[in-house]
Amino acid sequence: MLDQTTNLKNLLKDPGLLETRGYVGGAWVEGDKGTFDVTNPARGDVIAQVSDLSREQAAEAIAKAEVAQKEWAQWTGKERAGVMRKWFDLMMQHQDDLGTILTAEQGKPLAEAKGEIAYGASFIEFFGEEAKRVYGEMIPGHQRDKRLMVIKQPIGVAASITPWNFPNAMITRKAGPALAAGCAFVARPATETPLSAIALAVLAERAGMPAGVFSVVPSSSASEIGKEFCENPGVRKLTFTGSTEVGRILLRQAADQVMKCSMELGGNAPFIVFDDADLDAAVEGAIMCKFRNNGQTCVCANRIYVQDGVYDAFAEKLRARVAAMKVGDGLEDGTDLGPLINHDAIDKVQEHIADAKAKGGEVIQGGEADATNGNFFGPTIITGATRDMAFATEETFGPLAPLFRFDDEDEVIAMANDTIFGLASYFYAKDLSRVYKVAEALEYGIVGVNTGIISTEVAPFGGVKQSGLGREGSHHGIEDYLEMKYVCLSI
Ligand SMILES: NC(=O)C1=CN([C@@H]2O[C@H](COP(=O)(O)OP(=O)(O)OC[C@H]3O[C@@H](n4cnc5c(N)ncnc54)[C@H](OP(=O)(O)O)[C@@H]3O)[C@@H](O)[C@H]2O)C=CC1
Ligand SMILES: O=C(O)[C@H](O)CS(=O)(=O)O
């Protein structure tokens, strides 16, 4: 457990991983604007004071990245893969410490944090391998004296802005394809969780990543750094993960330069249980899908739809499982659910519960914050959910499971699709024709069938509608960091 007396460094096997400075052009730099506090969300204790870099320092990181990228792009894919493999190996070698740092700043249980480290590292491993497979093509000429070639080249400098909920994996899911393609990468982590990003830079340096190829710009002013990323002509690609609201701001800012953008934005995932589902499997899937990272993921179930004939049985089974979940400090053994990231997150969950109760919803489990102590909130289930309640259209981003009742497929597909979002969706059913029909009818970038966990580096992750632009992961993921060039050769 972390408190005022226990220094985070004392918990690490390699205290050198707990760096608090920025990493710019291969140098460790103090912030022109001093420092900002990073707190442990479980109890609010300050665990580090991190360098607060200025917009000018972000501009310097971009300038250094422009120079370094020219050389990095000359390396063969195999040479880039060699450095990325060493980086991956170091991440896995230090998985325990990286997990401890992540839990300390973000709050998720240590086992989940270590899982994120392995998930994050998998993008570096996977795209290191893809670096060797950036193929072009020859096209039969349209005239006898013409030979046509298509080659793929790195876009240039990529800049990232990432959220606090996956402070390691959301950076590596972008840096992996970017570095493999031959881009340089400048990362601006979330204010709440910069330590995990900085630790990645410590290991990148140890892995022999050339100076300037990977930089981390911690800052307490998101909008200031975001404007630099969008307005600096040295940046050719902006990649963002976070809310749709902020995604819109960045897209507007990037439009002036017609900058290529990847956007992984908000979600509002439906989780549908049909009457032919394996109910026990559906309950376990709902637990994992709803309560992973305490409900603070963009792919968490936000609306749970249960067919009428199995509604009561599912509700009782889910309630029994949720009642057994342990809420506590992520660094303590046996914790299933850590704290939410801050008080605003608690307020959002409480607002959604109050709104639902005022409109006829019934809390059958949880419903209370642990106000005595930190940002803890008991996992909550509400029955009698209806489409006029706030969580039907807003992402709760917390441990609240609203159960909606439905009669037939067409009704639930219409309800599931009735949102501006389109990231992840899930359903449990056995009938094969139902599986095909529903999977094709759901308007989402991702559909989980008889599973509540869909995230892997080998598959394309991304949303439709207002959940984003582009895909991260899979062999498709590297395309977002490449430009396609057509060469017309007259012989
Ligand atoms: N599709 C996906 O993969 C994901 C989507 N999300 C969505 O994001 C929301 C919760 O995450 P949250 O971090 O609060 O999202 P935010 O969009 O508020 O923040 C995401 C990042 O953007 C930064 N930011 C905020 N405002 C600006 C700005 N004007 N210019 C530049 N950068 C800015 C934040 O900085 P700072 O930390 O300083 O505020 C943070 O680093 C939910 O809607 C969730 O669904 C979250 C994670 C993944
Ligand atoms: O930020 C998120 O919520 C992640 O995209 C979810 S996942 O990829 O880790 O499942």
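Residues numbered from 1 in each chain as written. Chains lettered and ligands numbered in written order. Predicted model: local features only at pLDDT ≥ 70, side-chain atom pairs only at ≥ 80, totals over all residues. Heavy atoms only, no water.

**Things to note about the sheet that holds strand E6 (residues 146-154)**
And step 1. With antiparallel pairing, the 3 strands of this open sheet are ordered in space as E5-E6-E22. The sheet is open, and its two borders are formed by strand E5 (137-139) and strand E22 (482-490), each paired with just one other strand. Between one strand axis and the next, the sheet turns by 25 degrees as a mean value, whatever way the strands run.
And step 2. Pairing of E5 with E6, which is carried by 3 bridges, proceeds in the antiparallel orientation. Bridge pairing links Met-138 to Met-149 in E6. (Pairing = 2+ DSSP bridges. Helix = DSSP H or I, 4+ residues; strand = E, 2+ residues; numbered from the N terminus. Axes fitted to C-alpha atoms, helices over the stretch in contact; angles between N-to-C directions.)

**Let's talk about the sheet that holds strand E19 (residues 424-428)**
And step 1. Within the open sheet, the 7 strands sit side by side as E14-E17-E18-E13-E12-E19-E20. Their pairing is mixed. Bordering the open sheet on either side are strand E14 (362-365) and strand E20 (446-449), each of which pairs with just one other strand. Sheet twist, expressed as the mean angle between neighbouring strand axes with direction ignored, is 25 degrees.
And step 2. Here strand E17 (residues 380-385) pairs with strand E18 (residues 400-406) via 4 bridges, running parallel.

**Some words on the site of ligand 1**
And step 1. Contacts to ligand 1 come from 28 residues, most closely from Thr-162, Thr-191, Ser-243, Leu-265 and Glu-395.
And step 2. The separation between an oxygen atom of ligand 1 and a polar main-chain atom of Thr-162 is 2.7 Å.
And step 3. Within the side chain of Arg-188, an N or O atom sits 2.8 Å from an oxygen atom of ligand 1.
And step 4. Broken down by element, the residue count for the shell around ligand 1 peaks at 3 residues, all from helix H7 (residues 222-231).
And step 5. Residue classes in the shell around ligand 1 are distributed as 13 nonpolar, 10 polar and 5 charged.
And step 6. Mapped onto the domain boundaries, the shell around ligand 1 takes at least three residues apiece from domain 1 (8-265 + 467-489) and domain 2 (269-449). (Near = heavy atom within 4 Å. Polar contact = N/O pair within 3.5 Å; in protein donor to acceptor, adjacent residues only side chain to side chain. Nonpolar A, V, L, I, M, F, W, Y, C, P; charged D, E, K, R; others polar. Domains from an automatic or database assignment.)

**Let's talk about the packing of helix H1 (residues 55-72) against H7**
And step 1. Relative orientation of the contacting elements H1 and H7 amounts to 35 degrees, with a least axis distance of 9 Å. The interaxial crossing formed by H1 with H7 has right-handed handedness. For the pair H1 and H7, contact is made by Arg-55, Ala-58, Ala-59 and Ile-62 and by Glu-224, Ile-225, Lys-227, Glu-228, Phe-229 and Glu-231, respectively.
And step 2. Its residues assigned to classes, the contact of H1 with H7 shows 5 nonpolar, no polar and 5 charged. (Left-handed = near helix turned anticlockwise from the far one by under 90°. Contact = heavy atoms within 4.5 Å.)

**Digging into the domain arrangement of the chain**
And step 1. Entries for the chain in the domain assignment read domain 1 (8-265 + 467-489) and domain 2 (269-449).
And step 2. Inter-centroid distance (C-alpha atoms) of domain 1 to domain 2 is 31 Å.
And step 3. A combined buried area of about 2,000 Å² lies between domain 1 and domain 2, and 55% of that area is made up of carbon and sulfur atoms.
And step 4. When the buried area of domain 1 at its contact with domain 2 is split by residue, Arg-43, Trp-164 and Ser-467 rank highest and sum to 25% of it.
And step 5. Across the domain 1-domain 2 interface, the total number found is 1 salt bridge.
And step 6. In this structure, Asp-329 engages Arg-43 in a salt bridge whose closest nitrogen and oxygen atoms are separated by 3.0 Å.
And step 7. The tally of links from domain 1 across to domain 2 stands at 9 residue pairs in polar contact (both at pLDDT 80 or more).
And step 8. The leading source of residues in the side of domain 1 that touches domain 2 is helix H3 (residues 95-106), at 4 residues.
And step 9. Within the side of domain 1 that touches domain 2, the residues separate by chemical class into 8 nonpolar, 7 polar and 8 charged. (Buried area = accessible area lost by both parts, 1.4 Å probe. Salt bridge = Lys/Arg side-chain N within 4 Å of Asp/Glu carboxyl O.)

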